[in-house]
Amino acid sequence: MIDWTPLSTAEWRQRAGRVRRFPLLQDLAYARAMRASRQLSARWGTIRIDGDEAGMLQMLEARLFGEAIHLLTLDRGPVWFDGFGSPDHWRHFAAAFADRFPARLGRRRRWLPELADSPAARELLAAAGFRRNPSVPGYQTQWLDLTPELDALRAGLKQKWRNTLNRAERQALTVRGDTDGRILPWVLARQAADRKARGYAGPSSATLRALGAAYAPAGGLLVLTAAKDDTVGAAIVVLVHGPAATYQIGWSGAEGRRLGAPTLLLWRAVEELKARGIADF
């Protein structure tokens, strides 16, 4: 069953801290950012199986005229606790979720589950009334385990990537960190211009500003810049959520790319996150 009784912030964070690689899109601060930038409210649920807490979920929604018009989004959820998340558990959750929010006129449901794309997964979702949108590509997440020592992490880098890092470290680049978001508007302006010029997809500047505002107060925002002779050539934005962190966006100019500044910043982020005790990036 899904218990929709809200948890306190402390209760939610305590449970999120039990889950390694807790998804950014299931984080409380992410929900606050979506409320500020997209006027989406959040609904939280606890999954219970045979009386035990089995997992949790954060659903974002917009409602008009009660729930006559109802848009709901469950991205990267539910999140399962240790010992749960079997195929049977997924099937029971999908059925319970579809039963609580059945398809109907005026309701638009989007579910992006933490399931590997497979015939079995598609069958599971179809049985609950969900179908794959053929116009939307699947997503991939690349995780880096930060628990090994730094020397081991560096030795495990691909040779080409390590060569670029070595070269960047010889360029006398000045790397600065910002955790309160003072430089974030400058970075977002350049990233937006670059996205427009090169035509790639990404979150809006309004969404990114809201994410910065939501994550900075609790120390979850990390902006790193690399400069040569006081000219910033690259920047990255990282968000920390529970025991994990996510590379959100990056920007680099032609000179920054030539010097290998983006690679250097990613490595500096690895060093900083590891020092904070973050397990996965």
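Residues numbered from 1 in each chain as written. Predicted model: local features only at pLDDT ≥ 70, side-chain atom pairs only at ≥ 80, totals over all residues. Heavy atoms only, no water.

J.: Quick rundown of helix H6 (residues 159-169)? Include the residues and the values.
T.: Of all the positions in H6, only Arg162, Thr164, Leu165 and Ala168 are classed as buried. For H6, the angular spread of buried residues about the axis comes to 160 degrees, placing them on one side. If you follow the buried residues of H6, they end up packed against helix H5 (150-155), helix H9 (254-259) and helix H10 (261-276). (Buried < 20%, exposed > 50% of the residue type's maximum accessible area, 1.4 Å probe, protein only. Helix = DSSP H or I, 4+ residues; strand = E, 2+ residues; numbered from the N terminus. Arc of directions from axis to C-beta. Contact = heavy atoms within 4.5 Å.)

J.: An account of the pattern of salt bridges is requested, with residue identities and associated values reported.
T.: Scanning the model with the defined rule gives 23 salt bridges in all. A salt bridge links Arg20 to Asp145; its shortest N-O distance comes to 2.8 Å. Separated by 125 residues along the polypeptide, Arg20 in the loop between helix H1 (9-16) and helix H2 (28-38) and Asp145 in the loop between helix H4 (119-127) and H5 bring together distant segments of the chain. One salt bridge connects Arg63 with Glu61, and the closest N-O pair in it is separated by 3.9 Å. On the basis of relative accessible area, Glu61 is assigned to the buried category, the value being 2%. Bridged by salt links that share partners, the residues Arg43, Glu61, Arg63, Glu67 and Arg107 form one connected network. (Salt bridge = Lys/Arg side-chain N within 4 Å of Asp/Glu carboxyl O.)

J.: So what's going on with the sheet that holds strand E7 (residues 174-178)? Residues and values would help.
T.: Ordered in space as E7-E8-E9-E10, the four strands form an open sheet in which the pairing is antiparallel. Looking at strand neighbours, the two that pair on one side only are E7 and strand E10 (244-252), the edges of this open sheet. The average undirected angle you get between the axes of adjacent strands in this sheet is 20 degrees. Where E7 meets strand E8 (residues 221-228), five bridges bridge the pair, whose relative direction is antiparallel. By the bridge assignment, Asp178 is partnered in E8 with Val223. Strand contacts of helix H7 (residues 184-198): E7, E8, strand E9 (231-241) and E10, with the helix running at about 65 degrees to E10, the strand carrying the most contacts. Sheet strands in contact with H10 are E7, E8, E9 and E10, and its direction is about 35 degrees off that of E9. (Pairing = 2+ DSSP bridges. Axes fitted to C-alpha atoms, helices over the stretch in contact; angles between N-to-C directions.)

J.: So, the pairing of strand E4 (residues 69-75): which residues are in play, and what are the values?
T.: Most of E4 sits out of view: five of its seven residues are buried. Strand direction decides the pairing type here: strand E3 (residues 52-64) and E4, joined by five bridges, are antiparallel. Its bridge partner being in E4, Leu64 is matched across the sheet by Ile69. The antiparallel hairpin formed by E3 and E4 contains four residues in its connecting segment, where Phe65 sits at a positive phi of about 55 degrees. Here E4 pairs with strand E6 (residues 107-112) via six bridges, running parallel. Within E6, the residue paired with Leu71 across the bridge is Arg108.

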